[in-house]
Amino acid sequence: MYGKINSALALLLAGTAFLTQSIVESKLVFAHYMVGTVDASTNHAQQDIDGAISVGFDAFALNVGSPGADWARSTVQQLFDYAGAKQPPSFKLFFSFDFYGDGDIGQHQALFAQFKDHPAHLRYGPDNLPVVSSYSGGSAGPDTWRNFKAANDVYLIPNPEADGNYYSNPSNFFQSWGDAVDGVFSWETSWPDTSDTPVNVSSTRDQAVKSAADAAGKAYMMGKLLYIGKLDEWDNMADTFPGLSSLQYKHCCGDSWYRAGETNLPERMEQILSVSPEFAEVITWNDAGESHYIGPCWPEGLTDEILQYGNSNTYPHTGWQSLIASFIDAFKSSSPSAGSMKPRDGHFAGALWYRGVLASSCAGDKPRGSGAAVDAVNYAVVLPPGSSGLSVRVTSGGTVLAAQPVGGGLNYNSVRGMRAGAQKIELVDGSGNVKASASGSVDVGTGPTNGFCNYNYYVAGLQ
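So, here is what we can say about the structure in this document. Since this is a predicted model, take the numbers as computed values, not measurements. (Residues numbered from 1 in each chain as written. Predicted model: local features only at pLDDT ≥ 70, side-chain atom pairs only at ≥ 80, totals over all residues. Heavy atoms only, no water.)

1. Section: the nonpolar core
Looking at soluble globular proteins, one finds that nonpolar side chains tend to be buried together. The condition is simple: Here, nonpolar core refers to any group of buried Ala, Val, Leu, Ile, Met, Phe, Trp, Tyr and Cys residues whose side-chain atoms link them within 4.5 Å. Classification of residues uses two cut-offs on accessible area relative to the type maximum, computed with a 1.4 Å probe and protein chains only: under 20% is buried, over 50% is exposed, and between them is partly exposed. Counting from the N terminus, the helices are DSSP H or I runs at least four residues long and the strands are E runs at least two residues long. Every residue pair with non-hydrogen atoms within 4.5 Å of one another is taken to be in contact.
Judged by nonpolar contacts, the single largest core of 117 residues is most densely connected at F57, F60, L62, F95 and W320. At 7 residues, helix α10 (residues 321-332) tops the list of elements feeding residues into this core. Once you skip the residues sitting within four places of it in the chain, F95 turns out to touch L62, V64, V76, F80, L111, F112, F115, H121, V131, V132 and S133.

2. A few points about the pairing of strand β4 (residues 92-98)
Selection criterion: Strand pairing is defined by DSSP finding a minimum of two bridges between the two strands. Seen with its strands pointing away from the viewer, a crossover is right-handed if its path from the first strand over the helix to the second goes clockwise.
Counting buried positions along β4 yields 7 of 7 residues, so the element is predominantly enclosed. Side-chain alternation along β4 places K92, F94, S96 and D98 on one buried face and L93, F95 and F97 on a second face that is also buried. As paired strands, strand β3 (residues 59-64) and β4 are joined by 6 bridges and run parallel to one another. Across the sheet, residue F60 finds its bridge partner in β4, namely L93. At this point the chain moves from β3, through helix α2 (residues 70-85), to the parallel β4, and the crossover so formed is right-handed.

3. A look at the packing of aromatic side chains
The line we're drawing: Planes of paired rings set the category: under 30 degrees apart is stacked, over 60 is edge-to-face and the rest tilted, where pairs are Phe, Tyr or Trp rings (Trp by its six-membered ring) whose centres lie within 6.5 Å.
Scanning all chains against the criterion turns up 30 aromatic pairs. The interplanar angle of 85° and the centroid separation of 6.5 Å between the aromatic rings of F95 and F112 together place this pair among those described as edge-to-face. Separated by 17 residues along the polypeptide, F95 in strand β4 and F112 in helix α3 (residues 105-115) bring together distant segments of the chain. Where Y135 meets W187, the ring centres are 4.7 Å apart and the plane angle is 55°; that geometry is what we call tilted. Residue Y135 is found in strand β6 (residues 129-137), and its partner W187 is found in the loop between β8 (183-185) and α7 (204-215); the two are separated by 52 residues along the sequence. You'll find Y135 and W187 in the same group, each marked buried. An aromatic cluster of at least three residues, connected via ring pairs, comprises F80, F95, F97, F99, F112, F115, W145 and F148.

4. Let's talk about the environment of C362
Within the element layout of this structure, C362 appears in the loop between β14 (349-355) and β15 (376-383). Distance in space between the C-alpha atoms of C362 and G445 is 8.5 Å, their sequence separation being 83 residues. Dropping the residues within four chain positions of it, C362 is found in contact with V357, T446, G447, P448 and C453.

5. Digging into the side chain of Q321
As for its placement among the helices and strands, Q321 is situated in helix α10. Those residues in contact with Q321 that sit more than four places away from it in its chain are V55, W285, I294 and G295.

6. Considering the pairing of strand β19 (residues 423-428)
Where burial is concerned, most of β19 is hidden: 5 out of the 6 residues are buried. Sheet topology note: the strand β16 (residues 390-396)/β19 ladder contains 6 bridges and is antiparallel. In the strand pairing of β19, V394 is matched with I425. In this sheet, strand β20 (residues 434-439) lies alongside β19 in antiparallel orientation, the contact comprising 5 bridges. Among the inter-strand pairings, I425 is bridged to a residue of β20, identified as A438.

7. Some points on helix α1 (residues 44-55)
Our working rule: Take the number of residues in a helix, subtract one, and multiply by 1.5 Å to get its expected span.
Compared with the 16 Å implied by 1.5 Å per residue over 12 residues, the 17 Å span of α1 between its first and last C-alpha is a close match. Just downstream of α1 lies G56, where phi reads positive at about 120°.

8. Points about the state of the cysteines
Stated precisely, the cut-off is as follows: When two cysteine sulfur atoms are found within 2.5 Å, that pair is recorded as a disulfide.
All told, the structure shown has 1 disulfide when counted by the stated rule. Shown here is the disulfide that connects C362 with C453, its sulfur atoms set 2.0 Å apart. Classification of the bridge connecting C362 and C453 rests on its S-S torsion, roughly -95°, and on that basis the disulfide is left-handed. One end of the pair, C362, is in the loop between β14 and β15; the other, C453, is in the loop between β20 and β21 (457-461), and 91 residues separate them in sequence. In this structure, C362 and C453 share a single accessibility class: buried.

9. Looking at the packing of α2 against α3
The cut-off we apply is this: Note on method: axes are straight lines fitted to C-alpha atoms, helices fitted across the in-contact stretch only, with angles between N-to-C directions ranging 0 to 180 degrees. Small angles under 35 degrees read as roughly parallel and large ones over 145 as roughly antiparallel, with 65 to 115 read as roughly perpendicular and the rest as oblique. Note on convention: the crossing is left-handed when the near helix lies turned anticlockwise from the far helix by less than a right angle, right-handed when the turn is clockwise. Under this grouping Gly is polar, as are all residues other than the nonpolar Ala, Val, Leu, Ile, Met, Phe, Trp, Tyr, Cys and Pro and the charged Asp, Glu, Lys and Arg.
At their nearest, the axes of α2 and α3 sit 11 Å apart, and the two run at 25° to each other. As summarised for this structure, α2 and α3 are arranged roughly parallel, according to the angle between their axes. Relative to α3, the crossing made by α2 is right-handed. Contact residues: R73, V76, Q77 and F80 in α2; L111, Q114 and F115 in α3. Looking at the contact of α2 with α3 residue by residue, the classes come out as 4 nonpolar, 2 polar and 1 charged.

Shown next as structure tokens:
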């Protein structure tokens, strides 16, 4: 149910955010960035920005849950200093107020005020206003956001999913919120809900919000990337963008859950390119706590509990970056389908990912939603247009599980039957020659680690 090769789905993405957009504006891609402690004596902030630029991102959405903390201000300052020092300062930053971390909008406003005029702060819209977003914030109500917007003169795209009407009655939602925001950002639709059986992500809720936005004369933007309708003028526009993500797995802080990954990432790529929004946001650059990071997660900002399963050195995810880079290139060129994606180096891009334990046999503590996990070797490969005579050979525990033909554009699958031991994929030509391969750094086991079954992925890039 997860596998699909050279196909284009016309589904709406999980995670949405509305933004106003001119038809002449270029497409932008953001990465959600969790602001934690970054040691100022290191070059970690610089590495994050340089790494994001190399993938093709335009900005970080800075998720700040403790706006009054000295460590948060230090990290934000490091990021703005480095982004602003680049000439020209083309990489941008903007705030995503985390209302789960701190529900006082005044605390967030104080931090925003320090950086809103910084040359590296993202500006947008017909009046070139500083952009502000959020994680949660719907329970604050439209009046709070309306007052914030008026007092600070911002381009506002909060995450109001906590408002009861957002998904249940989106038409009523827009009637209440329409003049309070410039757009909306959705987080929860980026993955399927927790489930006891394998499940793919659904676009039902996204479609409902989009229909209401259309009826209200608003533009709808998908994200993770995102979609925005093409309108001829800025007046009365609001855009939405959802998120592009890999999986969600958390085992800390008194709770543990899993929301299906498998081929969630390439499926989202197809969906976004098919709908062709103006903006996209990848969830996330560095959220070790929920396991959907694609960059480094610096240990000085993480607890030992999170490092047990979300250590980016032990469980690397950078192998996904070449796929996302190909996606970004296609997205920014308005390519209509994943079949038009191209490897940036002209030869190939791709990755292998898998869990380090067989879900079917692990007898340790399992997360909610563990029934959705499949013992499978997952892969995605991007090839140049016109590629032929090639196949991906999937080997698990020394046994070849499949040899599947691949062609130009995005190819992906989730091959069931993963076995204990080493995991590998190979790109093979018609003569049986191996052109590229990706091998997992850790063998798959059958039992728990530290008493729990770790559902995070090991990711290896195709080389």
